[in-house]
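Given next are the chains, with one letter for each unit.
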Amino acid sequence: MKINDLSLYSRYAFRDLTRSYSKILSIIITLLISLFILSAILTIEDSLENELNENSKVLLGGDLEIDYNNKEGDRSLINQVKSFSTVSQMVEFSTMISTTKNKNNKTSFTRIKAVDQNYPLYGEVIYEPIGSLENLNKIDNTIIVNENIFKNLELKINDIVKVQNKEFKVIGTVKVLPDIGGAFVFGDFALTGKKTLDNLELNTLGSFLNYEYKIRFDGNENKDNKINKIVNIFKNDSKVKIRYPENSTGGIKRIIDNFSQFLSLVSISAMLIAGIGIANTLLSFINQKNSSIAVQKAIGINSVNIKTIYYLQLFIILFFISLIAYGLSFLLVPIVDKYISDGLGLNIEAFFSLTNLSIVFLVGLLVIIIFSIPTVNSIDQIKASSLFRNVFQSLQFKYSKKSIILSLFLLAILIILFSYRSSLPYYSLIYFASFFVCLAMFFYVSRLIILLLRNNLTNLGISSKIAVKNITQSKSITPITVMSLGLGMTLLLTLAFVGSNFKREIAKSIPDIAPDYFFLGIQNNQKDLFQKVINETDEDAVIEIVPMVSAGIVKINGIDPNTYISNSNDSYWVIMNDRRVSWVDTIPKDNPILEGSWWDTSQPNKLQISLDSKVAKDFGVNIGDKFTLRIYGREIEGEVVNLRLVNYQDLSINFAMLLNPQFAKNIPHEYLSTIKFKKAENFNEVNFLDQFPSVSIIKISDYLSKVTDVLNKVFIAVSIISAVTVIIGLVVISSAIIVQGKIKTFQNLIFKILGFSKKEIIISSIIEFIISFLSIILFSTIFSVIASKFIIENIFQLNWLFEFEIFLYVIIGVGLTTLALIILTNLKYLSPKVYPLVRNE
Amino acid sequence: MSKLLKLSNVNLNYTIDSKSINILKNISFDVDYKETISVVGESGSGKTSLIMLIGGLEKVSSGNIFFRDSELSKMNEDEISEIRRKNIGIVFQSFYLIPNYTALENVSLSLEINKFDNPTAKAKEILDRFGLSNRFNNFPSQLSGGEQQRVAIARSVAMKPEIILADEPTGNLDSENTHKISNLLFNYIEDENASLIMVTHDNNLANLTKRKITIKDGVISENK
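Residues numbered from 1 in each chain as written. Chains lettered and ligands numbered in written order. Predicted model: local features only at pLDDT ≥ 70, side-chain atom pairs only at ≥ 80, totals over all residues. Heavy atoms only, no water.

Caption draft 1: Summary view of the overall build of chain A. Counting its regular elements, chain A contains 27 helices and 20 strands. Split into buried and exposed, the 841 residues of chain A put 54% on the buried side. Contacts in chain A between residues far apart in sequence, at least 24 positions, make up 82% of those at least 6 positions apart. When the accessible surface of chain A is totalled, it reaches about 38600 Å², and 58% of it is carbon and sulfur. (Helix = DSSP H or I, 4+ residues; strand = E, 2+ residues; numbered from the N terminus. Buried < 20%, exposed > 50% of the residue type's maximum accessible area, 1.4 Å probe, protein only. Contact = heavy atoms within 4.5 Å. Areas by Shrake-Rupley, 256 points an atom, 1.4 Å probe, with all protein chains shown as cover.)

Structure representation (structure tokens):
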């Protein structure tokens, strides 16, 4: 085609579009919604990543971090660093804060950061009142707590609280800390001065001590040189981990990636469902232009050129919709920013990305072309000779070998584009495969409905007969209704089942088997007193108390495991940092041995290790393999003598590694305890802390309710977003009904002439809907049960149950909404005006 | 009242583009039982509008229409539908068959809504009577014009209505089919003692009726 011709046909396309865009409004709407979601995901994801990258130093808290874990660190080495950089020392620990009012004192398990005057090196702490942060290091025994603690403990400024058994004055509240690093701040937190630390009894294990030194490079010397200097200074200190800004945000980035991965799949699902509607609406549009196209052919414009005009119209729509959708996505950024800044202290801004705009356009283009090929090809069916007979054949989708291959090729490009960009390409491919299998299944379901109903009209009432005829007629909207609504409902049901099962499994642990409290940091000399105090509080309390030390896995069979076990390994957490280990005389009831045998008591001087069987499998460890553990700075080699099945979900005391007591009992240790009370109301946390100030108390229900709360929010957000696929499905159905408009009007006219009442026609619409909907429910339920069961049992490794209540809510919600929409859309065809129709207007 | 149909000072106005157009003005006439009437006049004179009013498919702007003793002009749509269902058959120039129903289904539809026993058998009987016994399972697109109009007539007479309204029933047919259809229609009317009001441009057809009403500019100019 020459440039002049293209320019001419572009003009025709533009003119045609501006005069008849209302006929393809549903294409515009569905395309806009689905491209908007995709744009929003890309825009927000980029803004978040940009914020994380630009502020990685702030999030880390420095240009570099020296992490000594639970050791104070080698001061001589730190002083060497101080000679060429600014160092801010921070010690984090967990402990209990309790109020000291006379009545109804409360406690809170809190993560406290003891900071020095240099904190923060980067970023800003948002706190009030002014000056309270500086006063932490000027006035002893002062503390700034986060807003949640302030609210839950009903505190006021200058109130006195107890941290362990020391009194602290609350001098402010903190809203946001800049150095949240790689994790969400999940629990409550507070700040205190570094000097204050010395007044507290901190034990290594119960307090989850962490010594960190944040470094800021000042001056003009090359940053890399300084980094190399620091690496050199600490090269022989095996206790140290050096963290850089680029790996400070790994946790958040992973969460963002996973979330946007999921949302991208939702958006592409919405686009593909919209594609079904696009094909249908476009066919109707071309059908209405039947005579115009015949005239164009009669005057000498060939099929190829006519098709070009229609493709150009689609291209024009897509171009403007992409721009509008992408532009609108910027409006979401301030909303997301408010939500994130409140929770995480991150501030995001929207910025224009040509890459993202191109992706939005390209995805839209691929979907439109894939679904419009068989539609636009129907133009070949129109003959100029029809003008002479005044008989215009109703057009159908036209498939040829070439067009099918082209559609499949473009579909493959779309799938690859999505999968390549996603953080979990394998899961994306599985998702696409499942999507198309579902689509095909629903298509055949609609065909099956039509086949079964076609010859079964006897013994039906008149409304039912009309409903059945509407379903089985050649231009029936049943296939579109079943496919689009079926897919949307399958997705929504799957998510609802996953969410409800997950929440149920988490919630059920509390009453059944989980203890009421965990107690950490019980010192050796406090053990007997502790048990006595608990028994006096509640003689029926079930106490489990085990010894605990911290041990790091230095070598497995003589090799550093960090050299061959990657951080994507499921059990990487075992070697990431030092782990708590314990020892018991007898096999724990809930940890049956799967391989090997229990302790060989004839060898008390040999370290024997009992290992979690899953960890063994993930690390490729067998019975007889040697582990070198570092305990209190000493390296000790032990042998794996058995593998246990460990279920961490029962919230009782579980350890990945157990040691033989004959060897381990002489190692200096603390105790960890769980208590399940019969009379929990007798237990007073504040009084307990007066006796055991260094012990930390974790109330299980508090943490599980926090987890459930977060999960609730996530699943609500996810469900709402997924509901967009149902909305798109409804728009598609509505457009299909409108497309049928002329047929419906004509049919209803005849019904009116024959004496049908409106009620009979409405009833037939309802029956038509019910027949389709019942089959949708059946197959959506089957697919969503399979998918959710797979996700819950294989990915989360929880138990799956069919949640009938959730099922009912979703079905009823979607069903009623769809029915209302169908009736509303059909209303305008219910009472056709006879006069204009009889006059052929 | 001994008349089947009575129109009294019937007016019909339409508002198009906010302009009021008088279609029919002060139309008054009666129709006896078993009477055949043709309505003639130029294009746009209001003939089709008159048929629509009598069939209850349009509402009068003023005046009264009585069908037996029931005043159609005061009834709601459901009540009129009930009357039309049982007592009035309508035949159009463009047939207006439901395109995705077979000939048999198009005819049995009017029997089924009236809860007729064994509507399929009755529909077959009627189609057979109209010479369409080999066309039961054909869709309208598979029938010739004449066959389609025969199906349309069969559908309109299925419930043995007291009055048949025909709007240019042979308007889209060739002369041979016109002859066949008119014979069919009038033979049926005679056999079943039904009344007929027929709009037509065809004088030969008009002459087959007992009375001729001429409408000019929305007014009856002749009634004899």
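Caption draft 2: How the structure looks around the overall build of chain B. Of regular secondary structure, chain B possesses 7 helices and 10 strands. Residues classed as buried in chain B amount to 57% of the 224 residues present. Partitioning the contacts of chain B with sequence separation of at least 6, the portion at a separation of at least 24 is 69%.

Caption draft 3: The arrangement of the side chain of Glu768(A) in detail. Residue and element names in this part refer to chain A. Turning to its location among the elements, Glu768 is positioned in helix α25 (residues 758–795). The class for Glu768 is buried, based on a relative accessible area of 10%. Of note is the side chain of Glu768, whose polar atom sits 3.2 Å from the side chain of Asn470. In contact with Glu768, other than residues within four places in its own chain, are Ala467, Asn470, Ile471 and Lys744. (Polar contact = N/O pair within 3.5 Å; in protein donor to acceptor, adjacent residues only side chain to side chain.)

Caption draft 4: Examining the pairing of strand β9 (residues 210–217) of chain A more closely. Residue and element names in this part refer to chain A. Burial within β9 is extensive, with 7 of its 8 residues counted as buried. Looking at chain direction, strand β1 (residues 64–69) and β9 are connected through 5 bridges and run antiparallel. Looking across to β9, one finds that Asn69 is bridged to Tyr211. Bridging between strand β2 (residues 85–99) and β9 involves 8 bridges; their strand directions are antiparallel. When the sheet's bridge partners are listed, Gln89 is paired in β9 with Tyr213. (Pairing = 2+ DSSP bridges.)

Caption draft 5: Fine view of the packing of helix α3 (residues 103–113) of chain B against helix α4 (residues 119–129) of chain B. Residue and element names in this part refer to chain B. Put simply, α3 and α4 touch, their axes get as near as 8 Å, and they point 120° apart. Considering the angle they form, α3 stands oblique to α4. The two elements α3 and α4 cross, and the hand of that crossing is right-handed. Here α3 contributes Ala103, Leu104, Val107, Ser108, Leu111 and Glu112 to the contact with α4, which in turn contributes Pro119, Thr120, Lys122, Ala123, Lys124, Ile126 and Leu127. Here the residues of the contact of α3 with α4 are counted per class, giving 8 nonpolar, 2 polar and 3 charged. (Axes fitted to C-alpha atoms, helices over the stretch in contact; angles between N-to-C directions. Parallel < 35°, antiparallel > 145°, perpendicular 65-115°, else oblique. Left-handed = near helix turned anticlockwise from the far one by under 90°. Nonpolar A, V, L, I, M, F, W, Y, C, P; charged D, E, K, R; others polar.)

Caption draft 6: Inspection of the sheet that holds strand β5 (residues 70–71) of chain B at higher detail. Residues and elements named next belong to chain B. Taken together, 4 strands build an open sheet; the order of strands is β2-β1-β4-β5 and the sheet is antiparallel. The open sheet terminates on both sides in strands that have one partner only, identified here as β2 (19–31) and β5. Alignment of strand β4 (residues 62–67) against β5, held across 2 bridges, turns out to be antiparallel. What sits directly across from Phe67, in β5, is Ser70. Against the sheet, helix α1 (residues 47–54) engages β1 (5–16), β2 and β4, with an angle of about 65° to β2.

Caption draft 7: Inspection of unusual backbone geometry at higher detail. Residues and elements named next belong to chain A. Omega for the peptide link from Tyr119 to Pro120 comes to -5°, which places this bond in the cis form. Residue placement: Pro120 occurs in the loop between β3 (107–115) and β4 (126–128). Glu128 connects to Pro129 through a cis peptide bond whose omega is 0°. Residue placement: Pro129 occurs in the loop between β4 and α5 (132–135).

Caption draft 8: Structural detail: helix α5 (residues 145–157) of chain B. All names here are of chain B. Taking 1.5 Å of rise per residue, the 13 residues of α5 would be expected to cover 18 Å, and the 18 Å separating its terminal C-alpha atoms lies within 8% of that figure. With 12 of 13 residues buried, α5 lies mostly within the body of the structure. Buried within α5 we find Gly146, Glu147, Gln148, Gln149, Arg150, Val151, Ala152, Ile153, Ala154, Arg155, Ser156 and Val157. (Expected span 1.5 Å × (residues − 1).)

Caption draft 9: Geometry of the interface of chain B and chain A. In this complex, chain B contributes 27 residues to the contact, which on the side of chain A involves 26 residues. Interface area, chain B with chain A, both sides summed: about 2500 Å², of which 60% is carbon and sulfur. Looking only at chain B, the three residues that lose the most surface to chain A are Tyr96(B), Asn100(B) and Ile113(B), adding up to 23% of its buried area. Where chain B meets chain A, there are 3 salt bridges. Taking the shortest distance from any N to any O, the salt bridge between Arg85(B) and Glu760(A) comes out at 2.8 Å. At the level of elements, α1, α2 (77–87) and α3 of chain B are the ones that each hand at least two residues to the side of chain B that touches chain A. (Buried area = accessible area lost by both parts, 1.4 Å probe. Salt bridge = Lys/Arg side-chain N within 4 Å of Asp/Glu carboxyl O.)

Caption draft 10: The pattern of salt bridges, seen in detail. Scanning the entire structure with this criterion turns up 37 salt bridges over all chains. A salt bridge links Arg111(A) to Glu92(A); its shortest N-O distance comes to 3.3 Å. Linking Arg111(A) in strand β3 with Glu92(A) in strand β2, this pair joins segments that are 19 residues apart in sequence. Relative accessible area serves as the criterion here: at 14%, Glu92(A) is assigned to the buried category. For Lys86(B), the salt bridge is made with Glu82(B), and the minimal N-O distance between the two is 2.8 Å. Taken together, the positions of Lys86(B) and Glu82(B), both in helix α2 and 4 residues apart, correspond to about one turn of that helix. Take Glu82(B): its relative accessible area is 37%, and that puts it in the partly exposed class. Ionic contacts of the salt-bridge type, sharing partners, join the residues Glu65(A), Glu212(A), Lys214(A) and Arg243(A) into one network.

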